[in-house]
Amino acid sequence: MFARFRRSDQASSPSGRKPRTASDLNISESDEPIPDRPESMHRWLDTEWARCIDFQMRDIEVCGTRITLFWLRGIVDLLRLETGIMQPLESVSKRRLQLRDLASVLHTVIVREISTLGEFNAAVTDGQVVLRMWGTSHALVLEVSDPPGRPIDKPENEPTLEGPQEAFVEHIQLNLALIRKRIRSPRLKVESMRVGTYSHSTVCVVYVEGVAKPTLVAEAKRRIQKISIDSLNDINKLRELIGDAPFTLFPVTDETERPDRVTSNLLQGRIAIMVDGAPNCLLVPAQFIHFLVAADDYYVHYTLTIFLRMLRHLAYWSSLFLPALYVALSSYNQDLLPTPLLITVAAQHRGIPFPSILEALVMLTIFEVLREAGTRLPRAVGQSVSIVGTLVVGDSAVRAGLVSPGMVIVIASTGVASFALPAYGFVNSSRLIQFAFVLAAGLGGLVGVLLLALILITHLVSLRSFGVPYMAPGAPFEWADMKDMFIRAPWFAMRRRPKHLEPIDSVNNRTPVPGKSKASSWDLSES
Amino acid sequence: MKAFRIRWWQRTRALMVVGVGSVLLTGCYDIQEVDNMNLVLAIGVDEDRARGVNVTAEIVNPASVPSSGGGESSTSGERRATLIRQATGVSIEDAIGNLEREVPHSVYLAQNMLVVFGQSYAKHGVERAFDYLERDRAFRRNQLFLATPERASDVLSASAEPEALNALGIRELVEQTSRQLPIVQSEQQQVMKEYLSPSQAPVMASIALNDSQHPVVQGIAVFRAGHLVDTLSIREMQGLGWMLGRTRQVAIRLPCRDKENGTGTTIRLLDSDTRFDSEPVPGGLRVRLTVHARAEIGQLCPYEQLDEQKLAQLNQMASAYIGQSMQLVLNKLQRDDVDACQFGRRVFMQHPAYWRRISASWPTIFPKVQMDCQVKVQTIRTNLAFSAPESTVSRSSAVPSGVGR
């Protein structure tokens, strides 16, 4: 079950003893059976769970039978331990107890049997109580875990004005429940795996059977099974470990903290990968166009969505090209500017000691520093820093004649445009790429920008996400999938799942077009 | 691992090629910041007796352009938004080269929008400038070629208020007129097209200075093979416009029948279209111009009542006016021996074989060309009023009929 260690454990022992390496720990023992004698068990525990002050063990005697309970403090619901385990055990009066008798007595908790040390460790670290009745070769695992966590809250990174206001938390069971709440069907499959030599994190592959392509599910599981790492508690680590193109700046997996978004993606034929401890989940395959789609798009009228999506596309390409175009047009290709605009630009740039490219790079860097400062600081202070930084620094720089007002407008517009994008991971890529474009513009003007744009497009069309072309359905072109790309067609017009995902069942909507019914109001009233 | 290394090397090599290539392609050599250039908006070309050509450049003074630089520039008229700099040389190119040596910052010609030819230079032939203006990649082909009866430097030095930039003001003036008569829009590509056409008679808008020294569109300068021959007045310009093709919103003033009273009737031609036909006749060529125009009434003579008869009369008068104007222009052009009405080009397009036979003798044929004009003006609306307000006044009691009953 557990992966083998590949590197030695670097953690030093506080007691000054020689640190134990992974091979010293001999994890392969985990498949060994649980010792049936208390002495052997204690010896093993002294080795395995030494210096774990949160490890708890209590011996009790039930009708002459010695029973020991093991758990970890802090992740077990002590109330349930008392009322669901201790009190029922005290009420047992039967002599010569068997393990199955205990299972029937403890009917208020979920009970399962284990037989190996590895299962023992996994159960204890999961926050469950292990009940060991001496004299038998098995132990009982009692599900009373209550790991610390926060309640379900509003989505902070993907807020919407309309629609559901629930977001994932760091508890995978709760997260799965949020999806189950929306897809009440046994077709929703959840396959679980343990990843991380030390963290033993639960990773779940969630999909809708009969919709998601089986090879896609198999591929996802295969990639997860290949992971061999100390700990995995974060989606980003998983994204880098299973992504198709590890060196690209563009995210090839989508992530979300909204269960409603996961639900709609699952029903389109994608799969979700969830990690215990991560307040968001991965959606694969992910296409370029998905990063310009916001959850809000599906909660407002489709006519408004068309406008918003166009605006978002404009914002994205502006955030990439605007500073570069400004540099190219003011340094090389002034003939392409209308005369009045060029005169204004020239007037603004008069007396600025730096060339446009340096001006742009400095301003972009300052903007990024401000953005980073605003992110790291507490919210109230962060906003103040952003405002002070933007207004005071920008205004002062213009007044001091270090930066032209036009450049401030361009950089500010670029920043605002990038804020209009719904996917934060996607914005990060454009933050870096815009620097490359500015450099290209400074070196080669519009020729440089076009050259880099061609390289970028070539790169984009060469990317794949779990085997699906990244630029689909644009390239390769799929007319049927255009209904939810640059625009969102009305729901009654979207009858099929995206073709590029190759779903098993392609039809997802059989609702007749509203208003086309031949029944008159008279017929309805009579009926 | 080996395969990965090979791929990595291939990628690195590709990136190096792209990087080095992008540096070498244009690589900073062409970089020119906006504040290191003199934006030339207009060029004036005058004859210089001593050295050949005198070039006047209207250069933007960005610090003094109103509403630029954060609104802190001077708008009080202390400093002009443009600077006038002059240089002489044996040719325009030479003079502009000399200008580079006399003015700090490089001369940037890509935004040039006017080339004004002074009268004396134009009379000696503007074709001397054509090769340079066509060959140099800096110039836009939509720059306006203008002629002036004065010195070009005077026109560029004049004020075109309220437009702060003189060149922009003159261009706007020409474009305003060209909305009525497209022939006034003498852009470089259009002038070159006319220059190279069988008629070889380009026309350019003529800009002069009025009494208050402001530039105005004076008419049209007509050229024979690049040499200024004559200038057409506004009415003649209208006539040429009707001969050449479509016009829009041209106003015709017709005199009142009994008394002038300082007003007259105005018919505004909403649009007009001209059809050209030609047929050879013994010893020459007969052309037929059929003009169809739709019109509205701009103003009626005082006390004039509009009825069907009056409307027909107005249509007839307008038609006659157009016909007379066209004939007037043709007579003038025939006297000047310049085919600015593009008869040669149009004959060539209609009858290429015939044109090949007569092209050599076209200079002798054109002055004898007979023109038939068929003009049909149709007044389609009377504007917001039907008759003149005075027409409702009773002559005997001076009380409008229908009032106070």
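Keep in mind that this is a model prediction, so the values were computed, not measured. Numbers given for residues are sequential positions, taken from 1 along each chain in its written order. As they are written, the chains are lettered A onward and the ligands numbered 1 onward, keeping that order. Local features are withheld for residues below a pLDDT of 70 in this predicted model, meaning they are given only at 70 or higher, and side-chain atom pairs are given and counted only at 80 or more; totals for whole chains, interfaces and linings count all residues. Only hydrogens and water are set aside; all other atoms, that is, all heavy atoms of the structure, feed into the side-chain values.

**Concerning the interface of chain A and chain B**
So, point 1. Residues count as neighbours in contact if any of their non-hydrogen atoms are within 4.5 Å of one another. Each side of the interface is counted separately: chain A has 28 residues, and chain B has 30 residues.
So, point 2. Put simply, buried area is the surface a 1.4 Å probe can reach on two separate parts but cannot reach once they are joined, added for both. A buried area of about 2400 Å², summed over both sides, lies between chain A and chain B, and 67% of it is on carbon and sulfur atoms.
So, point 3. On the chain A side of the contact with chain B, A:Ile343, A:Arg350 and A:Leu443 bury the most area, a combined 24% of that side's loss.
So, point 4. Here a salt bridge means any side-chain nitrogen of Lys or Arg lying within 4 Å of a carboxyl oxygen belonging to Asp or Glu. Inspection of the chain A/chain B interface yields zero salt bridges.
So, point 5. In protein, a polar contact means a hydrogen-donor-capable atom and an acceptor-capable atom, both N or O and within 3.5 Å, with residues adjacent in sequence counting only if both atoms are side-chain atoms; elsewhere, any N or O pair within 3.5 Å suffices. Here chain A is connected to chain B by 12 residue pairs in polar contact (both at pLDDT 80 or more).
So, point 6. Every helix listed is a DSSP run of H or I at least four residues long, and every strand listed is a run of E at least two residues long, numbered separately from the N terminus. Those elements giving two or more residues to the side of chain A that touches chain B turn out to be α10 (302-331), α11 (339-349) and α15 (424-462) of chain A.

**Describing the state of the cysteines**
All names here are of chain B.
So, point 1. The disulfide definition used here is simple: a pair of cysteine sulfur atoms within 2.5 Å. Within the structure shown, the criterion is met by one disulfide over all chains.
So, point 2. Two residues share a disulfide in this structure: Cys256 and Cys301, whose sulfurs sit 1.9 Å from each other. What sets the handedness of the Cys256 and Cys301 disulfide is the S-S torsion sign, and at about -105° it is left-handed. With a gap of 45 residues between them, Cys256 in the loop between β10 (247-254) and β11 (265-281) and Cys301 in the loop between β12 (284-299) and α9 (308-336) connect regions that are remote in the sequence.
So, point 3. Residue Cys301 is classed as buried on the basis of its relative accessible area, which comes to 2%.
So, point 4. Cys341 takes part in no disulfide bond, and the closest cysteine sulfur to it belongs to Cys373, at a distance of 11 Å.
So, point 5. Here Cys341 falls in the buried class, since its relative accessible area comes to 0%. Partly exposed describes any residue whose relative accessible area lies between the buried limit of under 20% and the exposed limit of over 50%, with all areas from a 1.4 Å probe on protein chains only and scaled to the type maximum.

**What to know about the pattern of salt bridges**
All names here are of chain A.
So, point 1. Tallying each qualifying case throughout the model produces 40 salt bridges over all chains.
So, point 2. The partner of Asp484 in a salt bridge is Arg309, with the nearest N and O atoms 2.9 Å apart. You can see Asp484 sitting in the loop between β12 (468-469) and α16 (521-526) and its partner Arg309 sitting in helix α10, a full 175 residues away along the chain.
So, point 3. Note on Asp484: relative accessible area 17%, which makes it buried.
So, point 4. Via salt bridges that share partners, Glu219, Arg222, Arg223 and Asp244 belong to a single interconnected network.

**Description of the side chain of A:Thr339**
So, point 1. Following the sequence through the fold, A:Thr339 ends up in helix α11.
So, point 2. Other than its neighbours up to four places away in sequence, A:Thr339 contacts B:Leu41, B:Gln111, B:Met113 and B:Arg140.

**Points about the pairing of strand β2 (residues 65-72) of chain A**
Residue and element names in this part refer to chain A.
So, point 1. Burial of β2 is extensive: seven of the eight residues sit out of reach of the surface.
So, point 2. Bridging between strand β1 (residues 55-62) and β2 involves eight bridges; their strand directions are antiparallel. Counterpart to Phe55 in the pairing with β2 is Leu72.
So, point 3. In this analysis, strands are considered paired if DSSP registers two or more bridges between them. Between β1 and β2, which pair antiparallel one after the other, the connecting turn spans two residues, and Cys63 there sits at a positive phi close to 50°.
So, point 4. Looking at chain direction, β2 and strand β4 (residues 129-133) are connected through four bridges and run antiparallel. Among the inter-strand pairings, Ile67 is bridged to a residue of β4, identified as Met133.

**What about a nonpolar patch on the surface?**
Residue and element names in this part refer to chain A.
So, point 1. Patches were defined on residues exceeding 30% relative accessible area and lacking a salt bridge, with like-charge contacts within 9 Å and nonpolar side-chain contacts (Val, Leu, Ile, Met, Phe, Trp, Tyr) within 5 Å. Here the open area of atoms and residues is found with the Shrake-Rupley method and a 1.4 Å probe, where only the protein chains shown may cover a residue. Residues Phe354, Leu358, Val362, Ile366, Ile387, Val388, Leu391, Val392, Val393 and Leu402 make up a contiguous nonpolar surface patch of roughly 810 Å² in combined accessible area.
So, point 2. Those elements that place two or more of their residues in the nonpolar patch are α12 (356-376) and α13 (379-399).
So, point 3. The dominant element in the nonpolar patch, judged by the number of residues it contributes, is α13, at five residues.
So, point 4. Tracing the backbone shows Val388 in helix α13.

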